[in-house]
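Reading the structure
Below, each chain spelled out in residue letters.
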Amino acid sequence: MIPLETGPTLLTGLPGGSKAFFIASLAREKRAPFLVTTAEDLEAEGLAVDLEAWAALIPSDERPPVIYFPELDEAMRIAALGAWSVANKAVLVCSKGALEKPVYSPAELKSKTFELRPGQDYPRDKLLSNLAQGGYSRTDMVELEGEIAIRGEVVDIWPAGIEKPWRLLFDGDTLESIRAFSPGTQRSEGYLQVQKLLPFKETKPSGTLLDHIPEGTIWFWDDPSPHPSPEKGEGVSSGLPSPF
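Analysis parameters
Residues numbered from 1 in each chain as written. Predicted model: local features only at pLDDT ≥ 70, side-chain atom pairs only at ≥ 80, totals over all residues. Heavy atoms only, no water. Helix = DSSP H or I, 4+ residues; strand = E, 2+ residues; numbered from the N terminus. Buried < 20%, exposed > 50% of the residue type's maximum accessible area, 1.4 Å probe, protein only. Contact = heavy atoms within 4.5 Å. Areas by Shrake-Rupley, 256 points an atom, 1.4 Å probe, with all protein chains shown as cover. Pairing = 2+ DSSP bridges. Axes fitted to C-alpha atoms, helices over the stretch in contact; angles between N-to-C directions. Phe/Tyr/Trp six-rings, centres within 6.5 Å; stacked < 30°, edge-to-face > 60°. Expected span 1.5 Å × (residues − 1). Arc of directions from axis to C-beta. Polar contact = N/O pair within 3.5 Å; in protein donor to acceptor, adjacent residues only side chain to side chain.

1. A few points about the overall build of the protein
Across its full length, the protein holds six helices and 14 strands. Residues classed as buried in the protein amount to 46% of the 244 residues present. Summarising the internal contacts of the protein: among those between residues at least 6 apart in sequence, 60% fall at separations of at least 24. Element-wise, carbon and sulfur atoms account for 54% of the exposed surface of the protein, whose accessible area totals about 12,200 Å².

So this is what it looks like as structure tokens:
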């Protein structure tokens, strides 16, 4: 076990997939949020994939969620922040560039996120206005993330980072049900419970990812160059250039 309580620790000798194995094992042991930062976005994406592979071998009740925070995909950054805000002791992976990107502050993200709950009323004009302000594009048929389609009492929508789009069935202003549906066949599938709907695009964000990092987070810097000190938690730094 690495005594992280003593301050930042420099590690070497973690080539290839052993780096992801080490982080997954440490996250399981420490049971704390992790922020893993790489030099480049492609390295972050690759490391997140390796982490998910190793985490799949950990028992489900001990498995840390792995969240990739991309540098260039605005909608997926928002989705990652939404997942991070509700995840329990997750591992968030990003590049140095993504760490510095303007994003919604926690307060902004909360104000622009709303809950979809069957049985609750959502006045049509206000709902559509919220979706438009959140960056969703209206179309005849939902086939891509970020699209909405309206047909009478049915509203189809595909938020970022969701495997399948949602079909909202209304009775007047009352949300009767939420179901997943196939974008290929457009056929409705299983019923869903309460869902959080995040915006798809950012409008004048005033925060950065650092605003979303809680106290006690363990930082893993996969970069031998100088970096900011982890003021909100403990730190581990890999002294090898990333092999990805």
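Okay, back to it.
2. Details of the side chain of S105
Along the chain, S105 falls in the loop between helix 4 (96-99) and helix 5 (106-111). Given a relative accessible area of 13%, S105 falls into the buried group. Beyond its immediate stretch of four places on either side in the chain, S105 contacts S206, G207 and H212.

3. Some details on the sheet that holds strand 11 (residues 188-192)
Taken in spatial order, the six strands make up an open sheet running 6-7-8-9-10-11, and their pairing is mixed. Single-partner strands in this sheet number two, and they are strand 6 (137-138) and strand 11. Bridge count between strand 10 (residues 174-181) and strand 11: three bridges; the pairing is antiparallel. Looking across to strand 11, one finds that F181 is bridged to S188. Across the face of the sheet, helix 6 (residues 124-133) comes into contact with strand 6, strand 7 (147-151), strand 8 (154-157) and strand 9 (166-171) while running at roughly 160° to strand 7.

4. A word on the packing of aromatic side chains
Evaluated as defined, the whole model comprises four aromatic pairs. A ring pair is formed by F22 and F220, whose centres lie 6.2 Å apart and whose planes are at 50°; its orientation type is tilted. In this pair, F22 is assigned in helix 1 (residues 18-30) and F220 in strand 13 (residues 218-222), connecting sequence segments 198 residues apart. Residue classification places F220 among the buried residues on the basis of a relative accessible area of 0%.

5. Some details on the pairing of strand 2 (residues 34-38)
In regular strands, side chains alternate between the two faces of the sheet. With five of five residues buried, strand 2 is to be regarded as a mostly interior element. Both faces of strand 2 are covered, namely the face carrying F34, V36 and T38 and the face carrying L35 and T37. As defined by bridge partners, strand 2 adjoins strand 4 (residues 91-95) across five bridges and the pair is classed as parallel. Among the inter-strand pairings, L35 is bridged to a residue of strand 4, identified as L92. Of the strand pairs in this sheet, strand 2 and strand 13 are connected by five bridges, and their pairing is parallel. When the bridges of strand 13 are listed, F34 appears paired with I218.

6. Here we look at helix 2 (residues 41-55)
Between the first and last C-alpha of helix 2 there are 21 Å, a value that for 15 residues agrees with the 21 Å anticipated at 1.5 Å per step. The complete set of buried residues in helix 2 reads D41, E43, A44, L47, A48, L51 and A55. Taken end-on, helix 2 shows its buried residues confined to a sector of 145°, consistent with a single buried face. Contacts made by the buried residues of helix 2 are with helix 1, strand 2, strand 3 (66-69), strand 4 and strand 13.

7. Some remarks on helix 3 (residues 74-86)
An α-helical turn contains 3.6 residues, so a residue and the one three or four places further along point in the same direction. Relative to the 18 Å expected for 13 residues at 1.5 Å per residue, helix 3 spans 19 Å between its end C-alpha atoms, a close match to the ideal helical length. Those residues of helix 3 that fall on the buried side of the exposure criterion are A75, R77, I78, A79, A80, L81, G82 and W84. Contacts made by the buried residues of helix 3 are with strand 2, strand 3, strand 4 and helix 5. The distance from a side-chain oxygen at the start of helix 3 to the backbone nitrogen of A75 is 3.3 Å, and the residue carrying that oxygen is D73.

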